[in-house]
Amino acid sequence: MKVSLAVVAYNEEKYLPSLLQDILEQTYPHEKTEVVFVDSMSEDATAKWMREFQEMNKEDYLGIQMIQNPGRIQSCGWNEAILHFTTDVLIRVDAHSHIPADFIEKNVENLKSGEMVSGGVRPARTEGDGAWQKTLLLAEESMFGSSVSSVRRKGERAYVKSFFHGAYRREVLEEVGGFREDLGRTEDNEFHYRIRKHGFRLCMSPDIISYQYIRPTLRRMCRQKAGNGYWIGLTLGVCPECLSFYHLIPGAFLFGILFTTILSMLHVPVLAVLMWSAYAFLAVVMAVLSIISEWKKPEGTFYFSYLLLPFLFLILHVSYGAGTWGGLVRMPFWRRKHRTGESVERIKEQMRNGRTTV
């Protein structure tokens, strides 16, 4: 089976060299692998790293393409990859990631078993090993701090609603079309929702593992959470079916804070006491469970900064919730121009017309 590994990147000079080394170390035959680089008009050395990889390894691979993404955003970049890959399967990998040597091989095995769409779990990792980095990682990996999504953790082979790094047979893309280019952060959810609507299943295998680097500072992590929440709010206006209830919990929590605060100012504090007591209990319990789990690892240790986890949970939840409400406020106006997702049919039509090669 011939496969294409696609990477879309914008200003990723810090992480791209490591990912390029991961690609070189893949155990799946290079002569059956096409690499598709999509540069989103980067302003750093991202394109330079891609070109150097292309020049140094073009004889070893089935092909190495380098494509420009004038749309700049992620969804536009993936559509460029869909239009240009030339093999049986397209495998998507974020530039901000690490993939083990058997990543392509395991996906191919899953597809050869009869699946049409393959994916795996995506645990998080840090850039460094400092105490604060480890603390942020614990907050991100915790079900309470991040999400209960099964694709973040190991489990059983299962059919899921969405995952991060997917492998798609060409037939799926020809029938479903491309990504909605008017969505940000939630383009995966909407894309996978349409795949499921067309009758295809997303098979997640715990043997397929890829890692994504967390944001290295609390400020950047909060900004990321706020952006995620913002796009949840907007997406509710065009495709609420592609979201899960846990996407809405931070927004509901923030509403609860405001509502119970107003009641307390009106001398009705009971709901505020109940809500904050329940939240504090859950935050402490989940923090303790995360710390114990980390401590039990062979290389595990304890840092005093771990004691800040309950407060980190609160900060991340408020950031996400504030983003969600910001998106909800703007959503009625945004939806007027973004009802149909024209790029989906455009990509489908271009694929059917044969624009799938360079």
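Residues numbered from 1 in each chain as written. Predicted model: local features only at pLDDT ≥ 70, side-chain atom pairs only at ≥ 80, totals over all residues. Heavy atoms only, no water.

> Kindly report on the overall build of the protein, identifying the contributing residues and their values.
Across its full length, the protein carries twelve helices and eleven strands. In terms of overall size, the protein behaves like a compact globule, its C-alpha atoms giving a radius of gyration of 21 Å where 358 residues would be expected to give roughly 21 Å. Overall, the protein is about 70 × 50 × 40 Å in size when its C-alpha atoms are taken along their principal axes. Scored against the burial criterion, the 358 residues of the protein give a buried share of 53%. Carbon and sulfur atoms make up 59% of the accessible area of the protein, which amounts to about 16,900 Å² in all. Taking the average location of the 42 positive side-chain charges in the protein and that of its 40 negative ones, the two points are 7 Å from each other. (Helix = DSSP H or I, 4+ residues; strand = E, 2+ residues; numbered from the N terminus. Rg over C-alpha atoms; globule rule 2.2 N^0.38 Å. Buried < 20%, exposed > 50% of the residue type's maximum accessible area, 1.4 Å probe, protein only. Areas by Shrake-Rupley, 256 points an atom, 1.4 Å probe, with all protein chains shown as cover. Lys, Arg positive; Asp, Glu negative; His and termini not counted. Charge placed at Lys NZ, Arg CZ, Asp CG, Glu CD.)

> Before we move on, can you summarise a nonpolar patch on the surface with the specific residues and values?
A grouping of F255, F259, I262, L266, V268, V270, L271, L274 and W325 is seen on the molecular surface, where their side chains present a nonpolar patch of about 860 Å² in accessible area. Sorting the residues of the nonpolar patch by element identifies α9 (249–265) and α10 (270–295) as the ones contributing at least two each. Mapped onto the fold, V270 is located in helix α10. (Patch = residues over 30% accessible without salt bridge, like charges linked within 9 Å, V, L, I, M, F, W, Y side chains within 5 Å. Salt bridge = Lys/Arg side-chain N within 4 Å of Asp/Glu carboxyl O.)

> Account for the pairing of strand β6 (residues 117–121), naming residues and giving values.
Among the five residues of β6, five are classified as buried, and the element is accordingly described as predominantly covered. Here β6 runs beside strand β9 (residues 167–169); their pairing, made up of two bridges, is antiparallel. Counted as the bridge partner of S118 is A167 from β9. Sheet topology places β6 next to strand β10 (residues 202–209); five bridges connect them, and they run parallel. Along β10, the bridge assignment pairs V121 with I209. (Pairing = 2+ DSSP bridges.)

> Requested: an account of the nonpolar core, with residues and values cited.
Counting 28 residues, the largest nonpolar core has L173 and I195 as its most contacted members. Only β1 (3–9), β2 (33–39), α3 (74–84), β6, α6 (170–176), α7 (187–197), β10 and α12 (342–352) provide two or more residues apiece to this core. Ranked by residues supplied to this core, first place goes to α3 with four residues. Residues contacting I195, with those up to four places away along its chain left out, are V117, Y168, V172, V176, F200 and L202. Of all hydrophobic cores here, the second largest spans 26 residues; its members include A9, L16, Y28 and F103. (Core = buried A, V, L, I, M, F, W, Y, C linked by side-chain atoms within 4.5 Å. Contact = heavy atoms within 4.5 Å.)

> Describe the packing of aromatic side chains, with residues and values.
According to the stated counting rule, one finds 19 aromatic pairs in the structure shown. Centroid distance F245 to Y246: 6.2 Å. Interplanar angle 75°. Geometry classified as edge-to-face. Accessibility expressed as a relative area gives 25% for Y246, which makes it partly exposed. Considering the side-chain rings of F255 and F259, the 5.9 Å spacing of their centres and the 10° angle between planes classify their relative orientation as stacked. With F255 and F259 both in helix α9 and four residues apart, this pair spans about one turn of that helix. (Phe/Tyr/Trp six-rings, centres within 6.5 Å; stacked < 30°, edge-to-face > 60°.)

> I'd like a description of the environment of E174, backed by residues and values.
For E174, the location among the structural elements is in helix α6. Distance in space between the C-alpha atoms of E174 and N189 is 18 Å, their sequence separation being 15 residues. Once you skip the residues sitting within four places of it in the chain, E174 turns out to touch K348, M351 and R352.

> Go over the sheet that holds strand β8 (residues 158–160), please, and point to the residues and values.
Taken in spatial order, the eight strands make up an open sheet running β3-β2-β1-β4-β9-β6-β10-β8, and their pairing is mixed. Every interior strand has two partners, whereas the edge strands, β3 (63–68) and β8, have only one. Strand-to-strand twist across the sheet, computed as the mean angle between neighbouring axes with direction ignored, equals 30°. Of the strands in this sheet, β1, β2 and β4 (89–94) touch helix α1 (residues 16–24), which is tilted by about 175° from β1. Against the sheet, helix α4 (residues 103–112) engages β1, β2, β4, β6, β9 and β10, with an angle of about 145° to β10. (Axes fitted to C-alpha atoms, helices over the stretch in contact; angles between N-to-C directions.)

> Would you mind going over the packing of α1 against helix α2 (residues 46–57) in detail, with residue names and values included?
In the contact formed by α1 and α2, the axes pass within 10 Å of each other and the chain directions differ by 25°. Comparing their axes, α2 and α1 come out roughly parallel. Between α1 and α2 lies a crossing whose hand is right-handed. Between α1, through L16, P17, L20, I23 and L24, and α2, the contact on the second element is made entirely by T46, W49, M50, F53 and N57. Looking at the contact of α1 with α2 residue by residue, the class counts come to eight nonpolar, two polar and no charged. (Parallel < 35°, antiparallel > 145°, perpendicular 65-115°, else oblique. Left-handed = near helix turned anticlockwise from the far one by under 90°. Nonpolar A, V, L, I, M, F, W, Y, C, P; charged D, E, K, R; others polar.)

> A description of the pairing of β10 should follow, citing residues and the corresponding values.
For β10, the tally of buried residues reaches seven of eight residues, placing the bulk of the element in the interior. Pairing of β8 with β10, which is carried by three bridges, proceeds in the antiparallel orientation. Paired with V160 across the bridge in β10 is L202.

> Kindly report on unusual backbone geometry, identifying the contributing residues and their values.
For residues that are not glycine, phi is negative in most cases, and the peptide bond is trans in most cases. Although it is not a glycine, M41 adopts a positive phi angle of roughly 60°. Mapped onto the fold, M41 is located in the loop between β2 and α2. On the basis of relative accessible area, M41 is assigned to the partly exposed category, the value being 34%. For H267, which is not a glycine, the phi torsion comes out positive at approximately 70°. Here H267 is to be found in the loop between α9 and α10. Among the residues examined, H267 registers a relative accessible area of 73% and is labelled exposed.

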